[in-house]
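# Topology and contacts: notes
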Amino acid sequence: MINENFIKDTDDDDVEGYIKIDRYNPELISSLSTHYHEILKELGENPEREGLLKTPERIAKAMLYLTQGYDLDAKAIMASAVFKEDYSQMVIVKDIEVYSMCEHHMLPFFGKAHVAYIPNGHVVGLSKIPRIVDVFARRLQVQERLTNDIRDCIQDALDPLGVGVVIECRHLCMSMRGVQKQNSVTTTSAFTGEFLKEKTRTEFLNLISAKLG
Ligand SMILES: Nc1nc2c(ncn2[C@@H]2O[C@H](COP(=O)(O)OP(=O)(O)OP(=O)(O)O)[C@@H](O)[C@H]2O)c(=O)[nH]1
Ligand SMILES: [Zn+2]
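Thresholds applied
Residues numbered from 1 in each chain as written. Chains lettered and ligands numbered in written order. Predicted model: local features only at pLDDT ≥ 70, side-chain atom pairs only at ≥ 80, totals over all residues. Heavy atoms only, no water. UniProt positions renumbered as here; feature names shortened; annotations may be inferred. Helix = DSSP H or I, 4+ residues; strand = E, 2+ residues; numbered from the N terminus. Buried < 20%, exposed > 50% of the residue type's maximum accessible area, 1.4 Å probe, protein only. Contact = heavy atoms within 4.5 Å. Donors = N, O, S within 2.8 Å, 3.2 Å for Na, K, Ca; no water. Near = heavy atom within 4 Å. Polar contact = N/O pair within 3.5 Å; in protein donor to acceptor, adjacent residues only side chain to side chain. Nonpolar A, V, L, I, M, F, W, Y, C, P; charged D, E, K, R; others polar. Phe/Tyr/Trp six-rings, centres within 6.5 Å; stacked < 30°, edge-to-face > 60°. Lys NZ or Arg CZ within 6 Å of the ring centre and 35° of its normal. Axes fitted to C-alpha atoms, helices over the stretch in contact; angles between N-to-C directions. Parallel < 35°, antiparallel > 145°, perpendicular 65-115°, else oblique. Left-handed = near helix turned anticlockwise from the far one by under 90°. Expected span 1.5 Å × (residues − 1). Arc of directions from axis to C-beta. Domains from an automatic or database assignment.

So, about the UniProt feature "binding site: Zn(2+)" (unreviewed entry) in the protein chain. When the UniProt feature table is mapped onto this chain numbering, "binding site: Zn(2+)" (unreviewed entry) sits at Cys102, His105 and Cys173. Separation in sequence by 72 residues is not matched in space for these annotated residues, since their most distant C-alpha atoms are only 8.0 Å apart. One can find Cys102 in strand β4 (residues 91-102). We classify Cys102 as buried; its relative accessible area is 4%. Residues contacting Cys102, with those up to four places away along its chain left out, are Leu107, Phe109, Gln141 and Cys173. Turning to its location among the elements, Cys173 is positioned in helix α6 (residues 172-175). Relative accessible area serves as the criterion here: at 10%, Cys173 is assigned to the buried category. Once you skip the residues sitting within four places of it in the chain, Cys173 turns out to touch Cys102, His105, Leu107, Pro108 and Gly178.

The following block contains the structure:
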């Protein structure tokens, strides 16, 4: 538990994080629902038809969920599980699912993040890395800033010898609409410390492209 202002969103500690209690407050949900009710009308729908009766409220809750990262403190999540450990090789958590929304169109972009660091006397609980990926992904983003946010958080919280982050995503604003390219994938990367050296970066890139088994 991060602190008493947060509630658990599911029973599975390893799958979900915590949502700040205030985020789901009834007044906020009601206000958002009113706006979405109007938006549905302006889009040419009839919000009074049976299938849409609860839709404004569902959208409100979904959007609050998808933007909950604004209320979460990534550094506190990291700090909650930092352990002294004499391990000085690269630690990689790869293939972390990413679901975020582009700040230009509020359409999803999604894919995978690969995150590595080289400890400097301390390691972090492994689950905290996907958790902070979610904290920064669950807000309006551009992929470049998401990549940098993750890198900076790990660097600041853990003071490791270096951090490497690679993110590969498909952007629905580029496939469902706009330029309508169905297969393009955007790759971004961010590095600090040892990862700025070619040898370390190459080791990281080789390890994240290697298939297991
Ligand atoms: N750099 C960056 N651009 C993004 C990201 N997500 C969406 N975009 C781009 O943001 C740009 C917004 O450009 P605009 O020309 O203002 O918007 P638009 O008229 O809807 O552009 P089109 O998508 O080309 O139709 C587009 O080129 C999108 O592809 C992202 O994560 N990073
Ligand atoms: Zn977009």
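The next thing to look at is the coordination of the zinc ion (ligand 2). In the first shell of the zinc ion (ligand 2), the protein supplies Cys102 (SG), His105 (ND1) and Cys173 (SG), at 2.0 to 2.4 Å from the metal. Look at where the donors of the zinc ion (ligand 2) fall in the sequence and you get C-x2-H-x67-C. With a gap of 68 residues between them, His105 in the loop between β4 and β5 (108-118) and Cys173 in helix α6 connect regions that are remote in the sequence.

Lining the immediate surroundings of ligand 1 are Cys102, His104, His105, Val142, Gln143, Glu144, His171, Cys173, Met174, Arg177 and Gly178. Taking Gln143, its main chain carries an N or O atom lying 2.6 Å from an oxygen atom of ligand 1. Between ligand 1 and Glu144 there is a distance of 2.7 Å, counted from a nitrogen atom to a side-chain nitrogen or oxygen. Partitioning the shell around ligand 1 into residue classes produces 4 nonpolar, 5 polar and 2 charged.

A separate point is the packing of aromatic side chains. The full count for this structure, using the stated rule, is 4 aromatic pairs. A ring pair is formed by Phe191 and Phe204, whose centres lie 6.4 Å apart and whose planes are at 85°; its orientation type is edge-to-face. Placement of the pair is Phe191 in strand β9 (residues 186-191) and Phe204 in helix α7 (residues 198-209), with a sequence separation of 13 residues. Take Phe191 and Phe204: they sit in the same class, and that class is buried. Ring pairs connect the aromatic residues Phe191, Phe195 and Phe204, which therefore count as one cluster. Sitting above the plane of the Phe191 ring, Arg201 keeps its charged end 5.6 Å from the centroid.

Where helix α1 (residues 26-42) contacts helix α2 (residues 55-66), the axes come no closer than 8 Å and their chain directions differ by 120°. One finds that α1 runs oblique with respect to α2. Seen from above, α1 lies across α2 with right-handed handedness. Contact residues: α1 offers Leu28, Ile29, Leu32, Ser33, Tyr36, His37 and Leu40, while α2 offers Thr55, Pro56, Glu57, Ile59, Ala60, Lys61, Met63 and Leu64.

What follows covers α7. Taking 1.5 Å of rise per residue, the 12 residues of α7 would be expected to cover 16 Å, and the 16 Å separating its terminal C-alpha atoms lies within 8% of that figure. Thr200, Phe204 and Ile208 are the residues of α7 that are buried. An end-on view of α7 places all buried positions within 65° of arc, on one side of the element. The exposed residues of α7 that point more than 90 degrees off its buried face are Glu198, Lys199 and Ser209. Contact partners of the buried residues in α7: β4, β5, β8 (162-171) and β9.

So, on to the domain arrangement of the protein chain. Domains assigned within the protein chain are domain 1 (7-66) and domain 2 (80-209). Put simply, the middle of domain 1 and the middle of domain 2, counted by C-alpha atoms, are 28 Å apart.

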